[in-house]
Amino acid sequence: MTGVFPDVAFSRTKLRFGAFLFALIAAWPLASCVAAASGDRKGPPKTHRLLTIALPSPAAWLTPVPDGGASSKNTRLYALTKDGGLYALHPGGKTWTAKRLDKVPRIAALVPPVLIGENRIAAAGEKGSLLIVKLPEGQTTLIRPSAAPSPLSRPAALGSSTLAAVGLDGSLMTFRKKPGSSWIESQRIPAAEAMALRDGILTAADLDGDGRKELIVPAAPSARYDHGVLGDAIEPTEVRAYRLTGERLRHLSSYKAKAFAAFEAIGATAGDLDGDGKEDILITQSDRSDGAVHFALGLRNGNLVRQARGEAIGQGYRWSHLLGAFDLPPHGKRVLAIETPHLSGYLLALRMVGGRLLEQARRPGFTTHAIGSRNVWEFAVMLREGEAEIVLQEVGRRSLTALALGEGRWAARWSIPLAAPVGSNLAAADFNGDGRDDLVFAGKDGRIQVLLSR
């Protein structure tokens, strides 16, 4: 494992070279079909210009943070570098300035920091610490909890003053903000009880529509499904929901994968698919016979139940990357996924009808993931010229393309060549305060690319 904490070891499985070679061969001819459909537009977007920012150290992740000022409409941008440094980036004409926040200790660069409200981010730090950074000042609260937080897990905020994190031992911890700026550990659920996935991504979602967030935890890790597409063969077999009562988490319900299956994900996403004011949990179940299938889970009468099911791929060891639920005007809420992102790379749009996730559109030739990587954020949804665009790489990773959903089909709206494959998350926000979305990402070479509106 590489990163700022090389002493942290997780189990890994070796990918079969033949399968990897097959993926490359299968993907190669699709690299030219990205802009082949009728109605596609070629070339860069005329509404934006491309800028490049090089930091002293290669960038790993980009974090947009709403400015919060009374008269400001723009979003501040921060970059976490591979050596754990945090930089504030400021637009200025043809070039951007970058300033390192020297007061911030090194941050684990294995997953993106999480924005927890009030211009604060949270992430694992050095030597078993948890860091909470107030931006733009860089004021940092360092917490040393009873169990070291996992640098491969991502915390979640359950409100402006409560944070949950996974321990390196699989425990589950909560932290509370005291009056002022200090934070304390308020609860620890032992690993034997929590059984949290050590590299799990925590999710906060309002499952019952009461305006308060519940905590969604990937749990009960198992090696019974040994695909290993996300870096190892350890996958969660349960999705657990917790409710914050006072200052303590209370287990509400669990949804278990069927026998011999696992949830092939490091975390769930959530969204209100039917407009009832209650968010649904989106997760992918996989097994050796059917491969991946997407589920929407809901909290009903205090229990997690399956609300809707998609169609299984139909072949074992075939994965579908579930991106989440997004508003796509004028279509409304749609679930997006990339089916077999290491092979054909079909971009799917799904909608919930009754108890099914029905396919509305698909198009081959795109990817959002590399085999063995835990980067599941290689995409963004941005608004441009009145339409929602899903921005992602084509399968050869030589270009970045934006697609919009039409009547039963995807249409390419623009495409730009890539000097290096995407190596970070993609983020869309208004960085120059003109009311229009911009796009930012970093390549494998660590250089930051910005598509800035003009």
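Since the model is a prediction, treat every value here as computed from it, not as a measurement. Within each chain, residues carry numbers counting from 1 in the order of the written sequence. Given that this is a predicted model, residues contribute local features only at a pLDDT of at least 70 and side-chain atom pairs are listed and counted only at 80 or more, while totals for whole chains, interfaces and linings are drawn from all residues. Here the side-chain values reflect all heavy atoms present in the structure, with hydrogen atoms and water set aside.

Chemist: It is not clear to me how the overall build of the protein should be interpreted in this structure. Could you clarify?
Modeler: Only DSSP runs of H or I reaching four residues or more are called helices, and only runs of E reaching two or more are called strands; each is numbered from the N terminus. For the protein, the count of helices and strands is two helices and 34 strands. Judged by the C-alpha coordinates and their principal axes, the protein covers about 55 × 55 × 45 Å. Classification of residues uses two cut-offs on accessible area relative to the type maximum, computed with a 1.4 Å probe and protein chains only: under 20% is buried, over 50% is exposed, and between them is partly exposed. Taking all 454 residues of the protein together, 57% fall into the buried category. Whether two residues touch is decided by their heavy atoms; if any such pair falls within 4.5 Å, the residues are in contact. Of all intrachain contacts in the protein linking residues separated by at least 6 positions in sequence, the fraction that spans at least 24 positions is 53%. Here, Shrake-Rupley sampling with a 1.4 Å probe gives the accessible areas, and only protein chains in the shown set may cover a residue. Carbon together with sulfur atoms contributes 52% to the accessible area of the protein, which is approximately 18400 Å² in total. Lys and Arg are tallied as positive, Asp and Glu as negative. Neither His nor the chain termini are counted. By convention, the charge on Lys lies at NZ, on Arg at CZ, on Asp at CG and on Glu at CD. Measuring between centres, the 56 positive side-chain charges of the protein sit 3 Å from its 44 negative side-chain charges.

Chemist: I would appreciate a short explanation of the packing of aromatic side chains in the present structure.
Modeler: Two descriptors summarise a pair of aromatic rings, namely the distance from one centre to the other and the angle between the planes of the rings. When the centres of two rings from Phe, Tyr and Trp lie within 6.5 Å, Trp using its six-membered ring, the rings pair. Their planes under 30 degrees apart give stacked, over 60 give edge-to-face, and anything left gives tilted. Tallied over the entire structure, the rule returns six aromatic pairs. Seen in terms of ring centroids, tyrosine 225 and tyrosine 317 are 5.4 Å apart; in terms of plane orientation they differ by 10°. Their pairing is stacked. Here the residue tyrosine 225 occupies a position in the loop between β15 (214-222) and β16 (235-245), and tyrosine 317 occupies one in the loop between β22 (303-309) and β23 (320-328), the gap between them amounting to 92 residues. Of the residues examined, tyrosine 225 reaches a relative accessible area of 1% and is grouped as buried. Residue classification places tyrosine 317 among the partly exposed residues on the basis of a relative accessible area of 27%. Measuring from centroid to centroid gives 6.4 Å for tyrosine 255 and phenylalanine 295, while their planes differ by 85°, and the two rings are edge-to-face. Taken together, the residues tyrosine 255 in strand β17 (residues 248-256) and phenylalanine 295 in strand β21 (residues 291-300) connect sequence positions 40 residues apart. On the basis of relative accessible area, phenylalanine 295 is assigned to the buried category, the value being 2%. Within the aromatic cluster, the residues linked to one another by ring pairs are Tyr255, Phe263 and Phe295. Taking NZ or CZ as reference, arginine 306 lies 5.2 Å from the ring centre of phenylalanine 295, over its face. Think of it as a cone above the ring: NZ of Lys or CZ of Arg counts as a charge over the ring if it is within 6 Å of the ring centre and within 35 degrees of the ring normal.

Chemist: How do you make sense of the side chain of glutamate 235 when you look at a structure like this?
Modeler: The residue glutamate 235 is located in strand β16 in this model. A pair is scored as a salt bridge if a Lys or Arg side-chain nitrogen falls within 4 Å of a carboxyl oxygen belonging to Asp or Glu. Here glutamate 235 sits buried without a salt bridge, and the closest side chain of opposite charge, arginine 374, lies 7.2 Å off (N-O distance). The residues contacting glutamate 235, other than those within four sequence positions of it, are Leu197, Ala220, Pro221, Ser222, Tyr225, Leu230, Ala262, Phe263, Glu264 and Ala265.

Chemist: Explain the environment of alanine 270 to me, please; I cannot follow it from the model alone.
Modeler: By secondary structure assignment, the location of alanine 270 is in strand β19 (residues 269-271). Setting aside residues up to four positions removed in sequence, alanine 270 forms contacts with Thr203, Ala205, Glu279 and Asp280.

Note that all results are geometric; they support no functional claim without further evidence.
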